[in-house]
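Summary of structural features
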Amino acid sequence: MTIRTAVVGVGSFGRHHVRILSGLPGVDLVAAVDPRVDERRANVERFDVPLLSHVDELPDDLDAAIVAVPTSSHREVAEPLLARGVSVLVEKPLASSVPDASALVRAAEDSGAVLAVGHVERFDPAIDDVARRIPDPRRIESRRVAPWSPRVRDIGVVFDLLIHDVDVCLALVPSDISDVSARGRSVVTDHEDEVRARLQFENGCVAELTASRVVPETERSLSVRGGNGTTVAVEFDRGGDKLTSELTDFLRAVETGSRPRVPGEDGLRAVAAAARVLAALA
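The following paragraphs examine the structure supplied in this document. Please read these numbers as outputs of a predicted model, since none were measured by experiment. (Residues numbered from 1 in each chain as written. Predicted model: local features only at pLDDT ≥ 70, side-chain atom pairs only at ≥ 80, totals over all residues. Heavy atoms only, no water.)

**A closer look at the overall build of the protein chain**
Check the secondary structure of the protein chain and you find 8 helices and 12 strands. Dimensions of the protein chain, computed from C-alpha atoms along their principal axes, come out at roughly 55 × 40 × 35 Å. Across the 282 residues in the protein chain, those meeting the buried criterion constitute 52%. Nonlocal contacts in the protein chain, meaning residues at least 24 apart in sequence, comprise 70% of its contacts between residues at least 6 apart. Counting only carbon and sulfur atoms, one obtains 45% of the accessible surface of the protein chain, whose full area is about 12,500 Å². (Helix = DSSP H or I, 4+ residues; strand = E, 2+ residues; numbered from the N terminus. Buried < 20%, exposed > 50% of the residue type's maximum accessible area, 1.4 Å probe, protein only. Contact = heavy atoms within 4.5 Å. Areas by Shrake-Rupley, 256 points an atom, 1.4 Å probe, with all protein chains shown as cover.)

**Some remarks on the environment of Asp237**
By secondary structure assignment, the location of Asp237 is in the loop between strand S12 (231-235) and helix H7 (241-256). Asp237 sits in the partly exposed class, given a relative accessible area of 42%. Each C-alpha atom, one on Asp237 and one on Ser149, is 20 Å from the other, the two residues being 88 residues apart in sequence. Every residue in contact with Asp237, bar those within four places of it in the chain, is listed here: Asp124 and Lys242.

**Quick word on the nonpolar core**
By size, the foremost hydrophobic cluster in this structure holds 69 residues, and its most contacted members are Leu58, Leu81, Leu94, Leu162, Phe201 and Leu222. In terms of residue count, the dominant contributor to this core is helix H6 (residues 157-172) (11 residues). One finds Leu21, Leu24, Val114 and Leu247 within the second-largest nonpolar core, a separate group that totals 26 residues. (Core = buried A, V, L, I, M, F, W, Y, C linked by side-chain atoms within 4.5 Å.)

**Side note on the sheet that holds strand S8 (residues 177-185)**
Either a parallel or an antiparallel arrangement is found when strands of a sheet pair, and the pairing is made through backbone hydrogen bonds. In spatial order, the strands read S8-S9-S10-S7-S11-S12; together these 6 strands make up an open sheet with mixed pairing. Each end of this open sheet is capped by a strand with a single partner; those strands are S8 and S12. Strand after strand, the sheet turns through a mean of 10° between neighbouring axes, direction not considered. One ladder, built from 8 bridges, connects S8 with strand S9 (residues 194-201); its direction is antiparallel. The residue of S9 that forms the bridge with Asp179 is Gln200. The sheet strands contacting helix H5 (residues 125-133) are strand S11 (219-226) and S12, and the helix crosses S12 at an angle near 175°. (Pairing = 2+ DSSP bridges. Axes fitted to C-alpha atoms, helices over the stretch in contact; angles between N-to-C directions.)

**Here's the deal with the side chain of Asp160**
Residue placement: Asp160 occurs in helix H6. Among residues more than four places away in sequence, those in contact with Asp160 are Lys92, Arg151, Val152, Ile155 and Arg213.

**Focus: the sheet that holds strand S1 (residues 3-8)**
Pairing is parallel in the open sheet, where 6 strands are placed in the order S3-S2-S1-S4-S5-S6. Of all strands in the sheet, those bounded by a partner on one side alone are strand S3 (51-52) and strand S6 (115-118). Where strand S5 (residues 87-91) and S6 come together, 4 bridges link them in parallel fashion. Residue pairing for S6: Leu89 is matched across the bridge by Ala116. Sitting on the sheet, helix H3 (residues 74-83) touches S1, strand S4 (64-67), S5 and S6, and the angle it makes with S5 is about 165°.

**Notes on the packing of aromatic side chains**
Within the structure shown, the criterion is met by 0 aromatic pairs. One residue, Arg144, lies across the ring of Phe236, its end atom 5.0 Å from the ring centre. (Phe/Tyr/Trp six-rings, centres within 6.5 Å; stacked < 30°, edge-to-face > 60°. Lys NZ or Arg CZ within 6 Å of the ring centre and 35° of its normal.)

**Quick notes on the pairing of S9**
Extensive coverage of S9 is indicated by the burial of 6 of its 8 residues. Of the pairings in the sheet, the one linking S9 to strand S10 (residues 206-212) comprises 7 bridges and is antiparallel in character. Bridging across to S10, Gln200 finds its partner in Val206. Between S9 and S10, which follow one another and run antiparallel, lie 4 residues, and Gly204 among them has a positive phi close to 100°.

**As for H6**
Helix length check: H6, at 16 residues, gives a terminal C-alpha distance of 22 Å against a target of 22 Å (1.5 Å per residue), a fit within 8%. A maximum bend of about 55° is found in H6 at Ile163. Along H6, 15 of the 16 residues are buried, which leaves the element largely enclosed by surrounding structure. (Expected span 1.5 Å × (residues − 1). Bend = angle between axes of the 7 residues up to and from the residue.)

**Notes on the packing of H6 against helix H8 (residues 264-281)**
Relative placement of two packed helices is described by the angle separating their axes and the distance separating the axes. With their axes 9 Å apart at the nearest point, H6 and H8 run at an angle of 120° to one another. When the axes of H6 and H8 are compared, the pair comes out oblique. Crossing handedness for the pair H6 and H8: right-handed. Listed contacts from H8 to Val158, Phe159, Leu162, Ile163, Val166, Asp167 and Leu170 of H6 are Asp266, Arg269, Ala270, Val271, Ala273, Ala274, Ala275, Val277, Leu278 and Leu281. (Parallel < 35°, antiparallel > 145°, perpendicular 65-115°, else oblique. Left-handed = near helix turned anticlockwise from the far one by under 90°.)

Here it is as structure tokens:
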């Protein structure tokens, strides 16, 4: 089976989807879409992929799409695609609000299309190792910080960076969140640019998560301690293999009808938890 695929949004991250998909077997990358055609053309032209200015220009016989537009536009772009039966991988976070994320999950359920979410850290082998070695975590600490970049201005650091580790916690801890507290501050945007959040789970696990996008050095680390005192520390890999694994998993789900590793429901849970962090900040 050849999966006819498109990438919507080919900026700083979407261009990597184009690069990887153009080399994957069984994929026909029929088009890329970005309203900033002249500015983005260089991101796709060497892969011989047509660049369209609007989603409405995509062919009717499309099987799958990657949505890598700004978070505030995720629902606007992904919902019509899902409604017409196109399977969609939405870059994280699934949406910028719980109602929008819920709408995307419903659209996929109604049409039968696959909905996956680009929480790429789930595809780091280190996370599988942690889950195997510590099946019932008692304490999680994460630190995800980076220098300022103007690439994301429509959301704060909670939905930009912290949500990565929120999703990892939800995947590792077999329990629901019972309480959330947080503090943070704005530095260069109208949103929060630094945050420290504490997630208390019903089973007693506590997660202390730190995220900032205004520090000099990049750090992406995670420490997980189990009830028997075992502790596993992870330095997240910044390589491209995780993105290839994510795309391969999504395409496999499209082809076979199987459940992707990070389905829409998981993306909705992460958005709901992130929304609780924002509420705690307020």
